[in-house]
Amino acid sequence: MKRTNHPAAVLVLLAALSFPCGLSAASGTVVYVEGDVSLKSGGQTRDASIGDAVAPGDTVVTGAKSLAVIDLTNHTTVKLKERTLLAIDSIGDAAAVTLTAGGVFTSIAGKLTGRFSVQTPNAVCGVRGTQFFVAYGRTIDTEPDVWMCVNEGTVEVAIPQTGQTVEVPKGLGVNILGAGRITAPRAYPWTRKLNWNIDPRSGTVDDHTNLDQAYSDLLDQDYD
Amino acid sequence: MKTVALMIALAASTAAGAYAQHIPQFPQGQLEMQSRAQVVANAGSWDILAELYGKLYSPAAPLSSFESVTVGTYYRVIPNLKVGALARLQAGARHDDDVLADIPSNDFVWADTSGRLEGVLMLDASPRFQLKFLPTGNWVFMLKNRLEYNTWNGQLSAMTRPELTWFWLRDRDPFLNLSFSWEVYFPLNFGSSIVYENYPYLTGLWHATAQLGIELSAAYKTTVWSTSDSWVSASWGSYTTEQRSWVVSLGVVYTPSF
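Quick caveat, the model's predicted, so the values are computed rather than measured.

Analysis parameters
- Residues numbered from 1 in each chain as written.
- Chains lettered and ligands numbered in written order.
- Predicted model: local features only at pLDDT ≥ 70, side-chain atom pairs only at ≥ 80, totals over all residues.
- Helix = DSSP H or I, 4+ residues; strand = E, 2+ residues; numbered from the N terminus.
- Buried ≥ 20, exposed ≤ 12 C-beta atoms within 10 Å, placed from the backbone.
- Contact = placed C-beta atoms within 7 Å.
- pLDDT = per-residue confidence, 0-100.
- Core = buried A, V, L, I, M, F, W, Y, C linked by C-beta atoms within 7 Å.
- Pairing = 2+ DSSP bridges.

Helices and strands together make up the secondary structure of chain B, namely 2 helices and 13 strands. Residue burial in chain B is summarised as follows: out of 258 residues, 18% are buried. Within chain B, counting contacts between residues at least 6 apart in sequence, those at least 24 apart form 52% of the total.

Have a look at this one:
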């Protein structure tokens, strides 16, 4: 597949829902960590701990078998899977994060007044949803696939370079193929194993879903 | 001395001529058409299979009819190996002893097996490997090996089937499979030939949806028939002879995942 690389392009997951209180805050909070989680802030890197403040410009990095849950205020919480790198671009009414590795669950409890975006290089998506998951898949072409699936609400995914827009309803997912084209929404069996819980008080937040399951296993195709 | 030798030669050729008249002359190159509906439900390392075969057309039974139903399970021991146990109920199958000597016509007739139900138990082991060095890398070689025991007549046979499949992927999922297979049956406790039946075949499977496939296959089948009991009773000697036919199969495959 021929694709063009546009470093300036971004994958943006926008949640534009009304929020009665209209809260805004200058910093988020680390509400849960497990394993090796570090916080890069102001040119320095330190181990992240529960209660640490997270400000725009910071980057949260999880190691192997690790995870972190960050409250970005405005009822938006993100859960980082292992081996994830997430930059905090802004917090509050127009919260934005950039995902450059791994996977992230997003949960919007209630309604937002402003916008929320998750960005990855190469594509642009608009989202109206309360629970969705974005993660990098395999690199089959020159750039990695980006998988996105919706647990609650509706997600609108778009690629500005091509003008392609796809609305993804609850229970379905899409693959942004090498960030160049969005597949038709469909139910993926592997997403049933995702752990959508984002609140450590409600049970385990670990998610061990392997994105390799998102790809057809040619050795598992039997027809007699 | 020369006279005796000539008489022996004449007697031998006469006997050979007589036996030649009693080798069943099976029609060759006939077309059979099958239909197949299959469900393979995947749950982790387990596959649950149910399969229904029908005969759409055959010269012997032009009307569609039930052929077999199979149920069973496969377990994926390692990524490159599945083992399975299956059971099949079949009707209308023909075996060597279904060739009946028809003395009035000096020919053979088939026993009517259309209403005869037979149970078959099967054990299966199928190693498979992805051939990533081939163009596109989407090639899989599988060697299906199966033991079959017919509970009706006690016949035991071994089947092996090398199979090469190319997968055309669209959006990371199979869109079309093209397979070349060669299925060979070895009789283990019956018949007089090493190979009982073999057929190379081509199959195309179109994935209409993620879980529904439409399949079309064409096979060139060779069956080796060995002397039947009826032939022996008629004192018509023995034979081992081949019958060749074309088999076209149309199928629907449903593959839900849990």
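Next comes the rest of the account.
This next bit is on the environment of L39(A). Residues and elements named next belong to chain A. Take L39: it is sitting in strand β2 (residues 37-41). Look at L39 and you get buried, because 23 C-beta atoms sit within 10 Å. In this structure, the C-alpha to C-alpha distance between L39 and A53, residues 14 residues apart in sequence, is 9.8 Å.

Further remarks concern the confidence of the model for chain B. Residue and element names in this part refer to chain B. Per-residue confidence for chain B gives a mean pLDDT of 89, with 90% of residues at or over 70. By mean pLDDT, helix α1 (residues 2-20) is the weakest element of chain B at 45, and strand β8 (residues 139-150) is the strongest at 98. A low-confidence stretch, residues 1-20 (pLDDT under 50), is modelled with 1 contact involving residues beyond four sequence positions or located in other chains. Taken together, the chains of this predicted complex give a pTM of 0.78 and an interface ipTM of 0.81.

Turning next to the nonpolar core. Burial of nonpolar side chains together is a common tendency in soluble globular proteins. Counting 50 residues, the largest nonpolar core has V60(A), A68(A), V134(A) and M148(A) as its most contacted members. If one sorts the elements of this core by residue count, strand β13 (residues 146-159) of chain A sits on top with 9 residues. Non-local contacts of A68(A), meaning those with residues more than four positions away in its chain, are made with V30(A), Y32(A), V33(A), V37(A), A48(A), V60(A), T62(A) and L80(A). Membership of the second largest hydrophobic core comes to 6 residues, among which are V99(B), A101(B), W225(B) and W236(B).

Time to look at the pairing of strand β6 (residues 67-71) of chain A. Judged by how many residues are buried, β6(A) sits mostly within the fold: 4 of 5 residues are covered. What sits between β6(A) and strand β7 (residues 76-80) of chain A in their antiparallel hairpin is a turn of 4 residues, with T73(A) showing a positive phi close to 65°.

Let's shift gears to unusual backbone geometry. All names here are of chain B. One non-glycine residue, D171, lies in the positive phi region at around 55°. Classification of D171 by C-beta neighbours within 10 Å gives partly exposed; the count is 16. With a phi angle near 75°, R172 is a residue other than glycine that sits in the positive phi range. Within the secondary structure layout, R172 lies in the loop between β9 (156-170) and β10 (173-187).

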